[in-house]
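Each chain, written out:
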Amino acid sequence: MSLLYEYRVFLFSGFVQTLLMSLVVALGTTAVAILLVAMLQSKLRLVSRLGYALVEVLRDIPLMVNVLMVYFMLPLIGLGFGPFWSVCVAISIWGGANGAQILRAGLHSVGQGQRETAAAFNFGPVKTLFLIVLPQAMPVILPPYISLMTAVVQATSLGAVVGATELLRAGQILIEQTTIMRGGSPAYLVYGSILVVYFVLCSLISFVGARLEAYYQRPYRTDASR
């Protein structure tokens, strides 16, 4: 443990980088998912078909390949990103494609009668979406979407592959330097500590998700279960 304390500043900087990446990919995943589900729900046949094609292609590409493609291939067409943003873009695209399917399934779980009733009360499309459809769809959307959020947060560790100095990469550097300078590998200690950090981080996300699920499920509980 003294090794971790000695390099606490270096490891903490990697942890902060991981938190920043997690925040960016969570927002990016949600933004891409909303864009894609809007395409899927479009009444224009060409747009909806393009949306389906994008979702299927992006979901079928392995995440590691996605990261490597963004980092190494986009610079060839003048769209180069650094390691940090390459990982964020790659994970957000992959997560958004999976998130779009979750959102679409949740929106389709609300019957057409609900929308027709809203239209009868002169609710516009936006008002219907936010006041009628989404509150009823959230119990369906939240469980898989929270799981997706934990997956994209864990995927930030792929930043180590392209040199982003997030927590896993910081741990790798620490192990390499300690092995060379002092002999003996602290891999078990360092990787075990990183495992605990990711476990706590994802547990917090799951806890918040569970609270949100309970909030949106309250109207559907029977009086006896309240």
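Preceding this paragraph is the structure being described.
None of the values given here were measured: they were computed from a predicted structure.

A. Structural detail: the packing of helix α2 (residues 8–40) against helix α9 (residues 167–182). Packing of α2 against α9 leaves a shortest axis separation of 7 Å and a crossing angle of 155°. Here α2 lies roughly antiparallel to α9, going by the angle between them. The segment α2 lies against α9, with Phe10, Leu11, Gly14, Phe15 and Thr18 engaging Leu167, Ala170, Gly171, Ile173 and Leu174. Among the residues making up the contact of α2 with α9, the classes are represented as seven nonpolar, three polar and no charged.

B. The layout of surface pockets, seen in detail. In this model, the largest pocket occupies a volume close to 800 Å³. Taken together, 24 residues make up the lining of the largest pocket; nearest its centre are Val37, Leu107, Leu129, Val133 and Leu134. When contributions to the lining of the largest pocket are tallied by element, the ones reaching two or more residues are α2, α5 (83–108), α6 (112–120) and α7 (125–155). Broken down by element, the residue count for the lining of the largest pocket peaks at twelve residues, all from α7. Along the lines of polarity and charge, the residues of the lining of the largest pocket split into 19 nonpolar, four polar and one charged. The calculated volume of the second largest pocket comes to roughly 180 Å³. Elements with a minimum of two residues in the lining of the second largest pocket: α2 and α10 (187–217). For the lining of the second largest pocket, the class distribution of residues is nine nonpolar, one polar and no charged.

C. Representation of the pattern of salt bridges in the model. In total, this model carries one salt bridge according to the counting rule given. For Arg59, the salt bridge goes to Glu56, with nearest N and O atoms at 3.8 Å. Here Arg59 and its partner Glu56 are both found in helix α3 (residues 45–60), three residues apart, which amounts to about one turn of the helix. Accessibility expressed as a relative area gives 33% for Arg59, which makes it partly exposed. Look at Glu56 and you get partly exposed, because its relative accessible area is 35%.

The rules behind these values
As a convention, each chain's residues are numbered from 1 in the sequence order in which they are written. Predicted model: local features are reported for residues with pLDDT of at least 70 only, side-chain atom pairs are reported and counted for 80 or more only, and whole-chain, interface and lining totals are derived from all residues. Side-chain figures throughout are based on the complete set of non-hydrogen atoms in the structure, without hydrogens or water. Where helices are involved, their axes are fitted lines through C-alpha atoms of the stretch in contact, as for all axes, and angles between N-to-C directions lie from 0 to 180°. By the criteria applied, helices consist of DSSP H or I runs no shorter than four residues and strands consist of E runs no shorter than two, each listed in order from the N terminus. Angular relationships are summarised with four words: roughly parallel below 35 degrees, roughly antiparallel beyond 145, roughly perpendicular across 65 to 115, and oblique for the angles in between. Throughout, a residue-residue contact means that at least one pair of heavy atoms, one from each residue, lies within 4.5 Å. In this classification, the charged set is Asp, Glu, Lys and Arg, the nonpolar set is Ala, Val, Leu, Ile, Met, Phe, Trp, Tyr, Cys and Pro, and all remaining amino acids, among them Gly, are polar. A 1.4 Å probe that fits but cannot get out identifies a cavity on a 1 Å grid over protein atoms alone, an open set with protein on both sides within 12 Å along at least five of seven lines counts as a pocket, and a residue lines either if it has an atom within 4 Å of a point. Grid points are joined across faces, edges and corners, and a volume is the space filled by probe spheres set on the points. Every case where a carboxyl oxygen of Asp or Glu lies within 4 Å of a side-chain nitrogen of Lys or Arg is listed as a salt bridge. Each residue is assigned to one of three classes by its accessible area relative to the maximum for its type, calculated with a 1.4 Å probe on protein chains only: buried under 20%, partly exposed between the two thresholds, exposed over 50%.

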